Amino acid sequence: MIDNSDTEIVAINKAYNVDPVNDEESRPCLSNVRILICHWHIVKAWIKNILKKVVAAPSNPKKTTHEEALSLMLTMMRAETPGDFDIAFEKFELWCIDNDDEWDTQSLLEYFEREYIPKKTNWSNAWRHGNYNVNTNNYVESWHRQLKEGYMSGLRRQRNILWDMVLPDVMQDYLRIKANFSPRRLNKAERQRLQRARALSEEEAEAKILGQDDNIIKVASFTDDNITYDVTIDISDNCVLACTCDDQQNSNSPCKHMFLVNRVLGIGLVRIQGQPSEPVAATDIEVQNNNEHTTESSLTIRNDAYNRFADTFSQLQIEVGKTNEQQRVPPRIINNLATSFISHIQKLKSWNSNPQGPTDHQQRY
């Protein structure tokens, strides 16, 4: 996902989406890359151009007309299908024609047709499927700020910061979630779906589960009882896999029907590794297991990690002895290694000083 930049689109297409031999867009490379444009940046550009292009006499209600123009453009952004987009664009086009004499809206229409119609598949929801309802890259901007303030502040040498500091923290969080030691955080859309599933009474929730045929569970629609959806489950792993509703198909994330199956039948929303036959009830995509840290598998992982740490430390001691004897390693290499050791020592101190681990989600340096 990129900012509202045509230059970036051209560069990405040239690098990934065009045959490098024939240079033809009709023959994409095997590494075809999907380009999405941040909605926040698009709306910002729309507001700027509406204020600039839609002008009239001072006595006219500018604010109302500006809001109408933006509302029509947002309808195209939120269109669920290409047909809905075409209908919304026709309404916007007619609005511009009807108001052109008084507001000079023709310039806004020309701007929109020139700048946004050619790349409508990059910004309209009608073509943005399977993106987990993430429509802005502001999360990346937030991460950049965390990188600068949390990791890079106070460091003189920052050449290996991603490898030495950031990557271990990211992998640590990933492994915790993968091993079900920590829950995956729900995004805003997922939280809304979960609330819809929880808002039903016990009787209403059970009534919407219409039956099960092998690995397919029939679930009634939340808005129309005459419509049913198929929720697919993995019987061996006891987890929900997918749903046939448009919401799940478009976003590729848990829908309210999947949350309802989880609530009523206790089928997990995540695949549990190593537990194929035991029923698992998950809430907020969090596996309830109060004895995670005392299971045989977790103890084995911990012992293997300690043994590997001890073996590596022994090898380090041997190499340090050779370094002192032979005096071949340049001082700059030794200083770089010392800086790296200091960061790892600080990490161990932060864990050893608190039984629950560091208080911050990311390690601060």
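Source: prediction; values computed, not measured. (Residues numbered from 1 in each chain as written. Predicted model: local features only at pLDDT ≥ 70, side-chain atom pairs only at ≥ 80, totals over all residues. Heavy atoms only, no water.)

J.: Sorry if this is basic, but what is going on with the packing of aromatic side chains here?
T.: Applying the stated rule across the entire model yields 11 aromatic pairs. Measuring from centroid to centroid gives 5.7 Å for Phe85 and Trp123, while their planes differ by 65 degrees, and the two rings are edge-to-face. Taken together, the residues span a long stretch of sequence, with Phe85 in helix 4 (residues 82–98) and Trp123 in helix 7 (residues 120–123) at a distance of 38 residues. Note on Phe85: relative accessible area 2%, which makes it buried. Measuring from ring centre to ring centre gives 5.9 Å for Phe112 and Trp123, while their planes differ by 80 degrees; the resulting arrangement is edge-to-face. Of this pair, Phe112 sits in helix 6 (residues 106–115) while Trp123 sits in helix 7, and the two are 11 residues apart along the sequence. An identical accessibility class is assigned to Phe112 and Trp123; each is buried. Three or more aromatic residues joined by ring pairs form one cluster here, namely Trp46, Phe85, Phe89, Phe92, Tyr111, Phe112, Tyr116, Trp123 and Trp127. Between the NZ or CZ atom of Lys208 and the centre of the ring of Phe222, over which it lies, the distance is 5.4 Å. Across from the ring centre of Phe222, 5.8 Å away, lies the NZ or CZ of Lys256, which sits over that ring. (Phe/Tyr/Trp six-rings, centres within 6.5 Å; stacked < 30°, edge-to-face > 60°. Helix = DSSP H or I, 4+ residues; strand = E, 2+ residues; numbered from the N terminus. Buried < 20%, exposed > 50% of the residue type's maximum accessible area, 1.4 Å probe, protein only. Lys NZ or Arg CZ within 6 Å of the ring centre and 35° of its normal.)

J.: Please clarify how the pairing of strand 2 (residues 216–220) should be interpreted in this entry.
T.: Each regular strand shows side chains that alternate between the opposite faces of the sheet. Relative to strand 2, strand 1 (residues 209–213) runs antiparallel, the two sharing four bridges. Along strand 2, the bridge assignment pairs Ile209 with Val219. Linking two consecutive strands that pair antiparallel, namely strand 1 and strand 2, is a turn of two residues; a positive phi of about 60 degrees is found at Asp214 within it. Strand direction decides the pairing type here: strand 2 and strand 3 (residues 228–234), joined by five bridges, are antiparallel. In the sheet register, Ala220 faces strand 3, and the bridge partner there is Thr228. (Pairing = 2+ DSSP bridges.)

J.: Looking at this structure, I do not really get the pattern of salt bridges. What am I missing?
T.: It is possible for side chains bearing opposite charge to pair when their charged atoms get close. Following the criterion strictly, the structure yields seven salt bridges and no others. Its salt-bridge partner being Lys218, residue Asp230 comes within 2.7 Å of it at the nearest N-O pair. Taken together, the residues span a long stretch of sequence, with Asp230 in strand 3 and Lys218 in strand 2 at a distance of 12 residues. Accessibility expressed as a relative area gives 35% for Lys218, which makes it partly exposed. (Salt bridge = Lys/Arg side-chain N within 4 Å of Asp/Glu carboxyl O.)

J.: Which parts of the structure should I look at to understand the environment of Cys239?
T.: Residue placement: Cys239 occurs in strand 4 (residues 239–243). For Cys239, a relative accessible area of 2% puts it in the buried group. Counting along the chain gives 28 residues from Cys239 to Ile267, while the straight-line C-alpha distance between them is 5.4 Å.

J.: Teacher, can you tell me more about the packing of helix 10 (residues 188–199) against helix 13 (residues 256–265) here?
T.: A pair of packed helices can be characterised by two numbers: the angle between their axes and the separation between those axes. Two numbers describe how helix 10 lies on helix 13: the axes approach to 8 Å, and their chain directions differ by 50 degrees. By the angle class used here, helix 10 and helix 13 are oblique. Crossing hand, helix 10 versus helix 13: right-handed. For the pair helix 10 and helix 13, the contacting residues are Glu190, Arg193, Leu194, Arg196, Ala197 and Arg198 in the first and Lys256, Phe259, Leu260 and Arg263 in the second. Class assignment of the residues belonging to the contact of helix 10 with helix 13 gives a composition of four nonpolar, no polar and six charged. (Axes fitted to C-alpha atoms, helices over the stretch in contact; angles between N-to-C directions. Parallel < 35°, antiparallel > 145°, perpendicular 65-115°, else oblique. Left-handed = near helix turned anticlockwise from the far one by under 90°. Contact = heavy atoms within 4.5 Å. Nonpolar A, V, L, I, M, F, W, Y, C, P; charged D, E, K, R; others polar.)

J.: Looking at this structure, I do not really get the side chain of Ser251. What am I missing?
T.: Locating Ser251 in the fold gives a position in helix 12 (residues 246–251). Taking the relative accessible area as the measure of exposure, Ser251 reaches 1% and is therefore buried. Within the local environment of Ser251, its side chain forms a polar contact with the backbone oxygen of Asp247, the two atoms lying 2.7 Å apart. A polar contact is formed between the side chain of Ser251 and the side chain of Ser253, at a distance of 3.0 Å. Once residues within four sequence positions are removed from consideration, Ser251 is found in contact with Gly130, Asn131, Tyr132, Asn133 and Arg193. (Polar contact = N/O pair within 3.5 Å; in protein donor to acceptor, adjacent residues only side chain to side chain.)

J.: Please clarify how the nonpolar core should be interpreted in this entry.
T.: Among soluble globular proteins, nonpolar side chains are generally buried collectively. Residues Trp46, Met76, Phe92, Leu108, Phe112, Tyr116 and Trp123 are the most contacted members of the largest nonpolar core, which totals 33 residues. Listing elements by their share of this core, those giving two or more residues are helix 1 (6–16), helix 2 (39–53), helix 3 (62–77), helix 4 and helix 6. Here this core takes seven residues from helix 3, the largest share from any one element. With 22 residues, the next largest nonpolar core counts Leu186, Leu200, Cys255 and Leu269 among its residues. (Core = buried A, V, L, I, M, F, W, Y, C linked by side-chain atoms within 4.5 Å.)

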